[in-house]
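# Summary of the model geometry
Below are the chains, spelled out letter by letter.
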Amino acid sequence: MNEKKASHPLYESLVQALVEQDPTLSTGKLFGMPCLKQGKKAALGAYDGGVVFKLEGPAHAEALALDGAVLFDPGGKGRPMKGWVVVGPEHQSAWLSLAMAALGE
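Heads up: these notes are all about the structure in this document.

Analysis parameters
Residues numbered from 1 in each chain as written. Predicted model: local features only at pLDDT ≥ 70, side-chain atom pairs only at ≥ 80, totals over all residues. Heavy atoms only, no water. Axes fitted to C-alpha atoms, helices over the stretch in contact; angles between N-to-C directions. Helix = DSSP H or I, 4+ residues; strand = E, 2+ residues; numbered from the N terminus. Parallel < 35°, antiparallel > 145°, perpendicular 65-115°, else oblique. Left-handed = near helix turned anticlockwise from the far one by under 90°. Contact = heavy atoms within 4.5 Å. Nonpolar A, V, L, I, M, F, W, Y, C, P; charged D, E, K, R; others polar. Buried < 20%, exposed > 50% of the residue type's maximum accessible area, 1.4 Å probe, protein only. Arc of directions from axis to C-beta. Pairing = 2+ DSSP bridges. Phe/Tyr/Trp six-rings, centres within 6.5 Å; stacked < 30°, edge-to-face > 60°.

Contact geometry of helix α2 (residues 57-65) with helix α3 (residues 92-102) gives a least axis separation of 10 Å together with a crossing angle of 150 degrees. On the basis of the axis angle, α2 is roughly antiparallel to α3. For the crossing formed where α2 meets α3, the hand is left-handed. In this structure, α2 uses Ala59, Glu62 and Ala63 to contact α3, whose residues at the interface are Ser97, Leu98 and Ala101. Its residues placed into classes, the contact of α2 with α3 shows four nonpolar, one polar and one charged.

Rendered as structure tokens:
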């Protein structure tokens with residue numbers, strides 16, 4: 001398994017809390033990584049020990065302003081997905097609010 005795409009306890013705790021709040025959310029895979037879906041669309045996923053969030057507007061800017069946060073480049077070929085931001089575990093205190101923004105709440 002690709003270590004960057006492996007799930008981890010911090011991510012699992014976040015997903016568990018979100019699903020407890022909203023049982024309509026479901027888990028799945030996106031680019032081979034564990035993800036959380038709202039309907040058929042992925043909102044966030046486990047990546048490289050952190051979480052990648054699909055964000056826009058102020059939440060996107062807030063996430064990118066965090067030290068070490070980067071745009072998600074799933075292929076590692078210099079073609080990042082502009083709407084997706086990887087936020088490392090050092091900022092886990094921001095994950096819940098970013099997840100809520102990714103879910104549109």
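Turning to α2, a few remarks are in order. Those residues of α2 not exposed but buried are Ala59, His60 and Ala63. One face of α2 carries all of its buried residues, which in axial projection span an arc of 100 degrees. For α2, the exposed residues set more than 90 degrees away from the buried face come down to Pro58 and Ala65. At its buried positions, α2 is contacted by β5 (70-72), β6 (81-87) and α3.

Pairing is antiparallel across the open sheet formed by six strands, whose spatial order is β1-β2-β3-β4-β6-β5. Edge positions in the sheet fall to β1 (26-30) and β5, since each of these pairs with one other strand and no more. Strand-to-strand twist of the sheet, defined as the mean angle between neighbouring strand axes without regard to direction, takes the value 35 degrees. Relative to strand β4 (residues 50-54), strand β3 (residues 41-47) is paired through four bridges, and the arrangement is antiparallel.

What follows deals with the pairing of β1. Strand direction decides the pairing type here: β1 and strand β2 (residues 33-38), joined by five bridges, are antiparallel. Its bridge partner lying in β2, Leu30 is registered against Met33.

It is worth spelling out the packing of helix α1 (residues 9-21) against α3 at this point. With their axes 11 Å apart at the nearest point, α1 and α3 run at an angle of 35 degrees to one another. Crossing of α1 against α3: the hand is right-handed. Contacts between α1 and α3 involve Leu10, Tyr11, Leu14, Leu18 and Gln21 on the former and, on the latter, Gln92, Trp95, Leu96, Ala99 and Met100. Considering only residue class, the contact of α1 with α3 consists of eight nonpolar, two polar and no charged.

The next point concerns the packing of aromatic side chains. Applying the stated criterion to the full structure yields three aromatic pairs. Note on Tyr47 and Phe72: the rings are 5.0 Å apart at their centroids and 80 degrees apart in plane angle, and the pair reads as edge-to-face. Of the two residues, Tyr47 is situated in strand β3 and Phe72 in strand β5; the sequence distance between them amounts to 25 residues. Residues Tyr47 and Phe72 agree in their burial class; the two are buried. Among the aromatic side chains, those forming a connected cluster through ring pairs are Phe31, Tyr47, Phe72 and Trp84.

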